[in-house]
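# Remarks on the overall topology
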Amino acid sequence: MRAIEAAAIDSGTVSGLDLMERAGAAVAGQIRLRWPRAGTATVLCGPGNNGGDGFVIAGHLARAGWRVRVLGMDSTPGADAAEMKRRWREIGPILPLSLSDLHRARDSDVFVDAIFGTGLTRPVQGEIDALLRHMGGSDGDGAFYRSRLVAVDCPSGLCMDSGAFLGRPRGPHPDDLRVALTVAFDSPKPGHLLERGPDCCGRLVIADIGLHPWRTGIGTKDGRRPADLSAIWPEFDIEDGRRPPDATRDRNAWLTKRHSVEGHKFHHGHALILAGGLGQGGAARLAARAALRIGAGLVTICPPKSALIEHLGPPDALMRRPVEDANALADLLQDRRIGAVGLGPGCGVDRAGDLLPAVLDSGRPCVLDADALTALAARGFKGLHGNCVLTPHAGEFARLFPDLARQLETVPQSGPAWSRLDAVRAAAARSGATVLLKGADTVIARPPRDEPDAQGQAVIHSATDIPWLATAGAGDVLTGIIAGLLARGLPPCDAASIGVLMHARAARRFGPGLTADDLPQSLAAVLRDLPRRDSPRTRPAALLEARPLRVWRNW
Ligand SMILES: NC(=O)C1=CN([C@@H]2O[C@H](COP(=O)(O)OP(=O)(O)OC[C@H]3O[C@@H](n4cnc5c(N)ncnc54)[C@H](O)[C@@H]3O)[C@@H](O)[C@H]2O)[C@@H](O)CC1
Ligand SMILES: Nc1ncnc2c1ncn2[C@@H]1O[C@H](COP(=O)(O)OP(=O)(O)O)[C@@H](O)[C@H]1O
Ligand SMILES: [K+]
């Protein structure tokens, strides 16, 4: 964000003060949309630019007829924020940012948290900490404030790189500041989407403050994005022509592609789903059905001979072929038409461990999930390659990368805090595979390319609105979707990202009451309703409101 802002200001077409004015105006506008009748507002202003936005908001609300109280600090080191403070002083006074002054403002309809934004570098302490804890609610006032709190950029204390509160144990805490509305600028930040972010930010509105040209490089002199930005967001602009057209411009058309006149089923890929012993076949069958639904031309399920009988029922479209052991699998994988392999769901750890070398030696794109991940944790990452996708949930991730998981549990003492994004990127670099860490805030990272300083592309997929997706077998369906997309020829990180997106859409479309068996069917409806062309990437010059917020390939 700072890199974009700097590029915009360097271009000479916009000043820091302009951006602050736009940001403050956007927040005030959102407040007036939500509370159309002018009432009483208390604006809490911190020492930095977040506080500067607060002074702008106070001015806008006052001019719109609101009674406005401002609580602020003595020190405002930044020139822009100091100027906004000076302008506010021409309108009204600034009271101390203290708990006692907050108590005196209890008659307010709206409280604006403009204390800290993206500049938070260390845990909040002292009086401000007491104030934020009070509003967060460990002493019983949380519900009162939550319904009338508006956060500028983020609830103060939340680290925008990680979604963790600095100085606080990871996970929910009774003191966490939760707000009704968060207005953030230009783009959602990782902290809005990860860990505590979605719960604490309430409704998230992304306000366009005119920085788009510098995010995409249009506004810079050489047409390039700021260097820092391309390191942080390597694939931020998906329309820059560097990615294969199949996977970007016409993703939806590709997903719903009909067989061409000369085409036949092998053109749509052949996926192999390996199954386990008698009585364990459900998970693999779920995966196989999903691979068919996402459009693989052929799907073969491969249990050991003794379990074949279990797979004789529907779906009839599924092919069955016994695979007894690693040798049989290696023989089968001589068939070059087999485009991808799914290994793990319901396979049994021993069988998954036996079959794993044959899958890896074949070099074939593969998804390794469930029992295959447990087997992998025991044998190490040797043999993994760039066409592998690992799909661990948190427990499996901790088994595979215990040190990274531990690091994710430590209390963050400084910002930017180590995040799920950092952890999954590190996991991808270490394993050499694309890693997809499942959860309400799924993170996907692909291993870095060979160039020095290159960082692996990463994607955050936020799905906090569909808790019913956490149901037995949902992960098996995801394995099948990704295997199907790999068989159809998508590169691993795209298959993982698009797979997660379609999986979530299927769950969202079905709604509560979903079981994993419903997902493949619902997937068909999602595919049918896909708009034929991707929606335009350019943001409208208006406020862009998104809830549920799904960020697609922003990181
Ligand atoms: N990035 C953008 O495009 C724009 C950003 N704006 C605002 O600018 C904000 C970022 O501004 P800043 O970088 O000044 O950062 P902040 O305003 O978030 O806070 C930084 C200030 O707080 C101090 N600080 C950090 N952690 C502290 C702690 N634990 N205890 C006490 N003091 C602490 C820092 O020393 C610094 O003075 C954004 O969140 C947003 O609200 C807008 O004004 C305009 C556009
Ligand atoms: N709270 C949640 N909200 C939305 N999706 C979730 C949530 N928790 C888990 N999921 C998703 O549900 C699926 C569960 O997969 P997994 O844990 O492998 O379950 P299983 O092994 O039973 O198939 C994953 O896609 C995961 O991202
Ligand atoms: K804030």
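Just so it is clear, the structure is predicted and the values come from calculations on it, not from any experiment. (Residues numbered from 1 in each chain as written. Chains lettered and ligands numbered in written order. Predicted model: local features only at pLDDT ≥ 70, side-chain atom pairs only at ≥ 80, totals over all residues.)

## Let's talk about the packing of helix α18 (residues 402-409) against helix α19 (residues 420-431)
- Axis separation between α18 and α19 bottoms out at 10 Å; the angle between their running directions is 170°. Comparing the axis directions of α18 and α19 gives the class roughly antiparallel. Touching L404, Q407 and L408 of α18 are R420, A423, A426 and A427, all from α19.
- Class assignment for the residues of the contact of α18 with α19 results in 5 nonpolar, 1 polar and 1 charged. (Axes fitted to C-alpha atoms, helices over the stretch in contact; angles between N-to-C directions. Helix = DSSP H or I, 4+ residues; strand = E, 2+ residues; numbered from the N terminus. Parallel < 35°, antiparallel > 145°, perpendicular 65-115°, else oblique. Contact = placed C-beta atoms within 7 Å. Nonpolar A, V, L, I, M, F, W, Y, C, P; charged D, E, K, R; others polar.)

## Topic: the domain arrangement of the chain
- Once the domains are mapped, the chain shows domain 1 (2-232) and domain 2 (245-254 + 266-408 + 423-532).
- For domain 1 and domain 2, the distance between their C-alpha centres works out to 40 Å.
- Taken together, the contact between domain 1 and domain 2 spans 7 residues of the former and 6 residues of the latter.
- Taken together, the residues that form the side of domain 1 that touches domain 2 break down as 5 nonpolar, no polar and 2 charged. (Domains from an automatic or database assignment.)

## Section: the UniProt feature "binding site: AMP" (unreviewed entry) in the chain
- Here, UniProt's "binding site: AMP" (unreviewed entry) annotation points to K438, G439, A440, D441, T442 and G475. Of the residues just listed, which span 38 residues, no C-alpha pair is farther apart than 14.2 Å, and they cluster in one region.
- Examined against the element boundaries, G439 turns out to sit in the loop between β14 (434-437) and β15 (441-445).
- Setting aside residues no more than four positions away along its own chain, G439 makes contact with H393 and A394. (UniProt positions renumbered as here; feature names shortened; annotations may be inferred.)

## A closer look at helix α22 (residues 518-528)
- When α22 is considered as a whole, its buried residues turn out to be L519, P520, S522, L523 and V526. Projected onto a plane normal to the axis of α22, the buried residues spread over an arc of 160° and lie on a single side. Turned more than 90 degrees off the buried face of α22, the exposed positions are Q521, A525 and R528.
- If you follow the buried residues of α22, they end up packed against α13 (282-293), α20 (474-487) and α21 (492-510). (Buried ≥ 20, exposed ≤ 12 C-beta atoms within 10 Å, placed from the backbone. Arc of directions from axis to C-beta.)

## Looking at the sheet that holds strand β8 (residues 270-274)
- Pairing in this open sheet of 9 strands is mixed, and the strands run β10-β9-β8-β11-β12-β13-β14-β15-β16 from one edge to the other. The outermost strands of the open sheet, each flanked by one partner alone, are β10 (319-320) and β16 (458-462).
- Two strands pair when backbone bridges link them, and strand β9 (residues 298-302) and β10 are joined in this way by 2 bridges, in the parallel orientation. Within β10, the residue paired with I301 across the bridge is R320.
- Of the strands in this sheet, β8, β11 (338-343) and β12 (366-368) are in contact with helix α15 (residues 349-361), which crosses β11 at around 155°.
- Along the sheet, α20 makes contact with β8, β11, β12 and β13 (388-390), crossing β11 at roughly 165°. (Pairing = 2+ DSSP bridges.)

## Remarks on the site of ligand 2
- As a structural note, the neighbourhood of ligand 2 is formed by 17 residues, with K438, A440, L469, A470 and G475 the closest of them.
- Counting residues per element, the shell around ligand 2 draws most heavily on α20, at 4 residues.
- Each residue belonging to the shell around ligand 2 can be placed in one class, and the counts come to 9 nonpolar, 6 polar and 2 charged. (Near = placed C-beta within 6 Å.)

## Things to note about the site of ligand 1
- In the vicinity of ligand 1 lie 30 residues, with G48, N49, N50, G117 and G119 positioned nearest.
- The set of elements that each furnish at least two residues to the shell around ligand 1 consists of α2 (16-34) and α3 (49-63).
- Counting residues per element, the shell around ligand 1 draws most heavily on α3, at 5 residues.
- Within the shell around ligand 1, the residues separate by chemical class into 14 nonpolar, 11 polar and 5 charged.

## Notes on the environment of E195
- Counting through the fold element by element, E195 comes out in the loop between α8 (190-193) and α9 (197-201).
- As a C-alpha pair, E195 and R170 span 25 residues in sequence and 8.1 Å in three-dimensional space.

## Remarks on α19
- A rise of 1.5 Å per residue sets the reference length of α19, with its 12 residues, at 16 Å; its end C-alpha atoms lie 16 Å apart and thus fit the reference within 8%.
- In terms of residue burial, α19 counts as a mostly covered element, since 9 of its 12 residues are buried.
- Buried within α19 we find R420, L421, D422, A423, V424, R425, A427, A428 and S431.
- Check the buried side of α19 and you find it contacts α8, β13, α18, β14, β15 and β16.
- With its phi angle positive at about 80°, G432 sits one or two positions after the end of α19. (Expected span 1.5 Å × (residues − 1).)

## So, the nonpolar core
- I273, L274, A291, L343 and A483 are the most contacted members of the largest nonpolar core, which has 96 residues in total.
- With 11 residues, the top contributor of residues to this core is α21.
- Setting aside its immediate chain neighbours within four residues, A291 contacts A271, I273, A296, V299, G342, G480, I481, A483, G484 and A487.
- If you look at the next biggest cluster of nonpolar residues, it comprises 68 residues, including A41, L120, V205 and W214. (Core = buried A, V, L, I, M, F, W, Y, C linked by C-beta atoms within 7 Å.)

## A closer look at the pairing of β11
- Burial runs high along β11: 6 of the 6 residues are buried.
- Pairing of β8 with β11 involves 4 bridges; the strand directions are parallel. The residue of β11 that forms the bridge with A271 is A340.
- Bridge count for β11 against β12 is 3 bridges, and the pairing is parallel. Bridge pairing in β12 places L343 opposite L368.
- Handedness of the crossover is the feature at issue here: the chain leaves β11, passes through α15, returns alongside β12, and the resulting connection is right-handed. (Right-handed = clockwise from strand over helix to strand, strands pointing away.)

## Remarks on the confidence of the model for the chain
- Summarising the model, the chain shows a mean pLDDT of 87, and 86% of its residues fall at 70 or more.
- Across residues 227-249, confidence stays below pLDDT 50; counting only partners more than four residues off in sequence or on other chains, it has 28 contacts.
- In the model output, the complex is listed with pTM 0.90 alongside ipTM 0.94. (pLDDT = per-residue confidence, 0-100.)

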